[in-house]
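Overview (structure and organization)
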Amino acid sequence: MPKADTGAARKRRQRGSINAEDILTGAFEVARRTSLDQLSMPVLAEYLGIGVTSIYWYFRKKEDLLNAMTEAAVEKFYALLPQVSKDESWQHVLSAHFRAEREIHREDEVLSDLLLIRTSTYSRSATHRVMKVVESVVAKLIAEGFTPDDALLVYNTIGVYTRGSIIHDRILRLANAPTLDPVRQLRITDWSKLPVLGSLIDRHALAGTSDEDFEFALSRLISGFEALDRPGRRAAHASTPTQDAREMNGDGVKVVTGGAAG
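Presented here is an overview of the structure given in this document. The structure displayed is predicted, hence computed values, not measured ones. (Residues numbered from 1 in each chain as written. Predicted model: local features only at pLDDT ≥ 70, side-chain atom pairs only at ≥ 80, totals over all residues. Heavy atoms only, no water.)

As for a nonpolar patch on the surface
Where nonpolar side chains cluster on the molecular surface, the patch consists of Leu194, Val196, Leu197, Leu200 and Leu206 and spans about 390 Å² of accessible area. Position of Leu194 relative to the elements: it lies in the loop between helix H8 (148-174) and helix H9 (195-198). Residue classification places Leu194 among the partly exposed residues on the basis of a relative accessible area of 38%. (Patch = residues over 30% accessible without salt bridge, like charges linked within 9 Å, V, L, I, M, F, W, Y side chains within 5 Å. Areas by Shrake-Rupley, 256 points an atom, 1.4 Å probe, with all protein chains shown as cover. Salt bridge = Lys/Arg side-chain N within 4 Å of Asp/Glu carboxyl O. Helix = DSSP H or I, 4+ residues; strand = E, 2+ residues; numbered from the N terminus. Buried < 20%, exposed > 50% of the residue type's maximum accessible area, 1.4 Å probe, protein only.)

In structure tokens form, the structure reads like this:
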């Protein structure tokens, strides 16, 4: 296997001038230039201009380094997600949350690999961070009247679609698949024998991972969830006095403003 090209190595550092944060920053830079698979202690040491033993002082093996990178990726992911607001509709909260999640993963492929591929190696603190995000969105749905079970199912349904779309798009891009491009896909077969698809491929990439595809799926899923029975919402309305019930005269007698007097 050819040696990974990590770009020009930095000027050799003096002994003791490196710390764990510097090593972690360098590891992300090397991984973005190559990949997580090609990231190694010797390659990282060369990039940082230090001896490899300086890295081992902080990270005994590559797995320890990857775990620390995962922790950092979780922190970045958590910081970039929009906060759940009690004043926003649940539809807006879901849309904003999953649009942001998709964008974060698309803009940082190393973060995406760490969070989507290495989930079994999350530390307890990283797991808690991720679950805190899920908790806030599910709690918002429950507050809007969804049952706890339905709230979690709603979150999981959109979440699986979003992450699946991210991974599928990444695989196709790594393969330079022609179905990502309406122009290139025109040449992959004789579309005259497939008249339905042939009438569409000049306008739609068949990969199904475009912004248009994602927005369509997200909006349709949310529209479907609007039809779910929300007993919590019914209970909230039932416990709220009607306008008629609040309108009493000075003697405490209800003044009927609509319908027959009770």
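Back to the text.
Let's talk about the side chain of Asp108
With respect to the helices and strands, the residue Asp108 is situated in the loop between helix H5 (90-107) and helix H6 (109-116). Judged by relative accessible area, which is 4%, Asp108 ranks as buried. At a separation of 2.8 Å, a polar atom in the side chain of Asp108 contacts the side chain of Lys76. Engagement of the side chain of Asp108 in a polar contact is seen with the backbone nitrogen of Val110, the distance being 3.3 Å. Not counting residues within four places of it along the chain, the set of residues in contact with Asp108 comprises Arg32 and Lys76. (Polar contact = N/O pair within 3.5 Å; in protein donor to acceptor, adjacent residues only side chain to side chain. Contact = heavy atoms within 4.5 Å.)

Thoughts on the nonpolar core
In terms of nonpolar packing, the biggest core is built from 52 residues, with Ile23, Leu44, Ile55, Leu65, Met69 and Leu94 touching the most fellow members. Among the secondary structure elements, those contributing two or more residues to this core are helix H1 (20-33), helix H2 (41-48), helix H4 (62-80), H5, H6, helix H7 (124-143), H8 and helix H10 (211-226). Here this core takes eight residues from H4, the largest share from any one element. Among residues more than four places away in sequence, those in contact with Ile23 are Ile18, Leu44, Leu48, Ser54, Ile55, Tyr58, Phe59 and Leu65. (Core = buried A, V, L, I, M, F, W, Y, C linked by side-chain atoms within 4.5 Å.)

Regarding the environment of Thr34
As for its position among the elements, Thr34 is in the loop between H1 and H2. With 76 residues separating them in the primary sequence, Thr34 and Val110 have C-alpha atoms 9.8 Å apart. Polar side-chain contacts of Thr34 include one of 2.8 Å to the backbone oxygen of Val30.

Read these as layout, nothing more, since geometry by itself doesn't imply function.
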